[in-house]
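Read off the chains here:
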Amino acid sequence: MKAAANLNGGSGDARFQQIVHRLLGDLFKAIDDLDITPDEVRAGVNYLNKLGQDGEAALLAAGLGLGLGLGLGLEKYLDIRMDAADKAVGLEGGTPRTIEGPLYVAGAPLRESVSRIDLNADADAGPLVIHGTVTGLDGKPLAGAVVECWHANSKGFYSHFDPTGAQDDFNLRGAVRTGADGKYEFRTLMPVGYGCPPQGSTQRLLDGLGRHGNRPAHVHFFVTSGDHRKLTTQFNIEGDPLIWDDFAYATREELIPSVTEKTGGAALGLKADAYKDIEFNLTLTPLVQGKDNQIVHRPRASATA
Ligand SMILES: [Fe+2]
């Protein structure tokens, strides 16, 4: 096994060798302990090929984990480790992080304070205004913060990844920069929950585990501001029956803001006068020893608006 990972081989990346060596060791141990057959190993190898062909490895990373009993996906587990690292350095407060998921697209047009992001008509979705104030831990508004959001349409599909082709690249995706008052606002449409592609590799694995592949309705956020850490979070739409049965385990109690009914949407340019309103304030945390230690590097889609 040391040979397979070229451990102490004098070339290659030592950290990479260490990780491969450990993962192979754990895999071999599982094969021995569970007497995993050659057919089962081949089914697993074949599955990885199919998973890559489907482009679903990042989706599986959100949902695959110790779901049997512990209720924990791999991506959520990384969040829990970052929460623990924050606690260890005495960093508490701020809007809680939760998983990014695989469906962000970089490049949404940046607007000042307010952006209307429902570019395509969606007959089944009612108007929604999402707004709030970005502050630091001291509660003071942060000017120049950039708030990005992205969410699904009434079919549970995200633009850029919509198999029906019904959406422009940046439909239901936006970016705004806060002014001196720290306020941001998105004028959009109410999303519904997301379901894993029914014929995809992620759902196939979940079927084998007897699990569903659905998420409650939610809205994703990235929030950046020069001298604070980048926040990656989401909120759930209050009242969704899957809030505590999310296949990706992303729900947190602090991330379920109230939905209120309002009128006056016509003056805001919304498709109807009655609309839903969600206030979601965002509190950023300071750099740790001058660094943003919660930046995660990963391949992300991008497009040009
Ligand atoms: Fe999502």
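(A) Quick look at the coordination of the iron ion. Protein-derived ligands of the iron ion are Tyr-158 (OH), His-218 (NE2) and His-220 (NE2), with the metal-ligand distances lying across 2.0 to 2.1 Å. Sequence positions of the donors to the iron ion reduce to the motif Y-x59-H-x1-H. Note that Tyr-158 is positioned in the loop between β5 (146-151) and β6 (173-177) and His-218 in strand β8 (residues 218-224), a separation of 60 residues in sequence. Owing to a relative accessible area of 3%, His-218 belongs among the buried residues under this scheme.

(B) Seen up close, the side chain of Thr-178. Looking at the element boundaries, Thr-178 is found in the loop between β6 and β7 (183-189). A distance of 2.7 Å separates the side chain of Thr-178 from the backbone oxygen of Leu-142, its partner in a polar contact. Setting aside anything within four residues of it in sequence, one finds Thr-178 in contact with Ser-113, Val-134, Leu-142, Ala-143, Gly-144, Ala-145, Lys-183 and Tyr-184.

(C) Representation of the nonpolar core. In terms of nonpolar packing, the biggest core is built from 24 residues, with Val-134, Val-147, Tyr-184, Phe-186, Phe-221 and Leu-282 touching the most fellow members. Of all the secondary structure elements, the ones that give two or more residues to this core are β4 (127-135), β5, β7, β8 and β9 (231-236). Listed in part, the 15 residues of the second largest apolar core include Leu-59, Ala-62, Tyr-158 and Leu-206.

(D) Expanded view of the packing of aromatic side chains. On inspection of all chains with the given rule, the structure shows nine aromatic pairs. Consider the rings of Tyr-184 and Phe-221, whose centres lie 6.1 Å apart with planes at 75°: the pair is edge-to-face. In this pair, Tyr-184 is assigned in strand β7 and Phe-221 in strand β8, connecting sequence segments 37 residues apart. Just as Tyr-184 is buried, Phe-221 falls in that class too. The structure contains a cluster of three or more aromatic residues connected by ring pairs, namely Tyr-184, Phe-186, Phe-221, Phe-235 and Phe-280.

(E) Up close: helix α3 (residues 38-54). The end-to-end C-alpha separation of α3 is 24 Å, in line with the 24 Å expected for 17 residues at 1.5 Å each. Directly beyond the C-terminal end of α3, a positive phi value near 65° is found at Gly-55.

Calculation criteria
Residues numbered from 1 in each chain as written. Predicted model: local features only at pLDDT ≥ 70, side-chain atom pairs only at ≥ 80, totals over all residues. Heavy atoms only, no water. Donors = N, O, S within 2.8 Å, 3.2 Å for Na, K, Ca; no water. Helix = DSSP H or I, 4+ residues; strand = E, 2+ residues; numbered from the N terminus. Buried < 20%, exposed > 50% of the residue type's maximum accessible area, 1.4 Å probe, protein only. Polar contact = N/O pair within 3.5 Å; in protein donor to acceptor, adjacent residues only side chain to side chain. Contact = heavy atoms within 4.5 Å. Core = buried A, V, L, I, M, F, W, Y, C linked by side-chain atoms within 4.5 Å. Phe/Tyr/Trp six-rings, centres within 6.5 Å; stacked < 30°, edge-to-face > 60°. Expected span 1.5 Å × (residues − 1).

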